Amino acid sequence: MSNSIVVVETSKGAIHLELEDEKAPKTVANFLSYVDDKFYDGTIFHRVILGFMVQGGGFTPDMKQKKTKPTVQNESANGLQNLKGAVAMARTSEPHSASSQFFINGSNNHFLDKAQSGDGVGYCVFGNVTQGLEIVETIEKSKTGNKQGMSDVPVETVTIISIKRLQWDLIPRGRA
């Protein structure tokens, strides 16, 4: 089975993600259901911390939180790590509370992995950046401030224009 590939088109450029379909099946299915519903289109990266991560997938540019589907079971025991460029689900202090929001690690954040997390659960990694890490780094360097009671919000809005699946039959391949 091949892993799913998506392209995150942002106002700063494109980020390609390879999703771990076999290692995080419930999480990937959940994420792709939001992609297929175009839920992410027009949302923003609403939390950005240099040297840590960029988080998005839940808020509109006017900081209104979008209504989400039911939460997904945390699959943090899948052996994947919160390394630079890894994509993981955001959640509250409740381990199985992830819904639509995700983050891209800006550095190696082992303290978010199941083995080293303070709550013994950690944050589920479900993919990796394969192209566009420089875009993530650009977003991560955004000047941030407080907006409508939230901190670490980019002063200049960083929009997720769309997230789309790449179709395998459209990817050029070498001849056999």
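Before reading further, recall that the structure is shown in the block above.
Scope of this entry: the structure provided in the associated data block. Model, not experiment: these values are computed from the prediction.

Things to note about the pattern of salt bridges
Applying the stated criterion across every chain yields a total of five salt bridges. A salt bridge links Lys12 to Glu156; the nearest nitrogen and oxygen atoms lie 3.0 Å apart. Of this pair, Lys12 sits in the loop between β1 (5-10) and β2 (13-19) while Glu156 is found in the loop between β9 (150-154) and β10 (159-165), placing the two residues 144 residues apart along the sequence. Among the residues examined, Lys12 registers a relative accessible area of 28% and is labelled partly exposed. Lys84 is the partner of Glu137 in a salt bridge, and the nearest nitrogen-oxygen pair spans 2.8 Å. With Glu137 in helix α2 (residues 133-140) and Lys84 in the loop between β4 (53-56) and β5 (86-89), this residue pair connects regions lying 53 residues apart in the sequence. Classification of Glu137 as partly exposed rests on a relative accessible area of 26%. Take Lys84: its relative accessible area is 40%, and that puts it in the partly exposed class.

Side note on the pairing of strand β7 (residues 125-131)
When β2 meets β7, the two strands line up antiparallel, connected through four bridges. Across the sheet, the residue bridging to Leu19 is Gly127, located in β7. Of the strand pairs in this sheet, β5 and β7 are connected by three bridges, and their pairing is antiparallel. Pairing of Ala88 across the sheet is with Val125, part of β7.

A word on empty space enclosed by the protein
Tallied over the entire structure, the rule returns two cavities of 30 Å³ or more. Estimates place the volume of the largest cavity at around 50 Å³. Taken together, Thr27, Val72, Gln73, Asn74, Glu75, Met89, Arg91, Pro95, Ala98 and Cys124 make up the lining of the largest cavity. Volume-wise, the second largest cavity comes out at about 40 Å³. Taken together, Ile44, Phe45, Pro61, Lys147, Val153, Pro154, Glu156, Thr157 and Val158 form the lining of the second largest cavity. Of all the secondary structure elements, the ones that give two or more residues to the lining of the second largest cavity are β3 (43-49) and β9.

Rules behind the numbers
- Residues numbered from 1 in each chain as written.
- Predicted model: local features only at pLDDT ≥ 70, side-chain atom pairs only at ≥ 80, totals over all residues.
- Heavy atoms only, no water.
- Salt bridge = Lys/Arg side-chain N within 4 Å of Asp/Glu carboxyl O.
- Helix = DSSP H or I, 4+ residues; strand = E, 2+ residues; numbered from the N terminus.
- Buried < 20%, exposed > 50% of the residue type's maximum accessible area, 1.4 Å probe, protein only.
- Pairing = 2+ DSSP bridges.
- 1 Å grid on protein atoms, 1.4 Å probe; cavity = no way out; pocket = protein on both sides within 12 Å on 5 of 7 lines; lining within 4 Å.
- Points joined across faces, edges and corners; volume = space filled by probe spheres on them.

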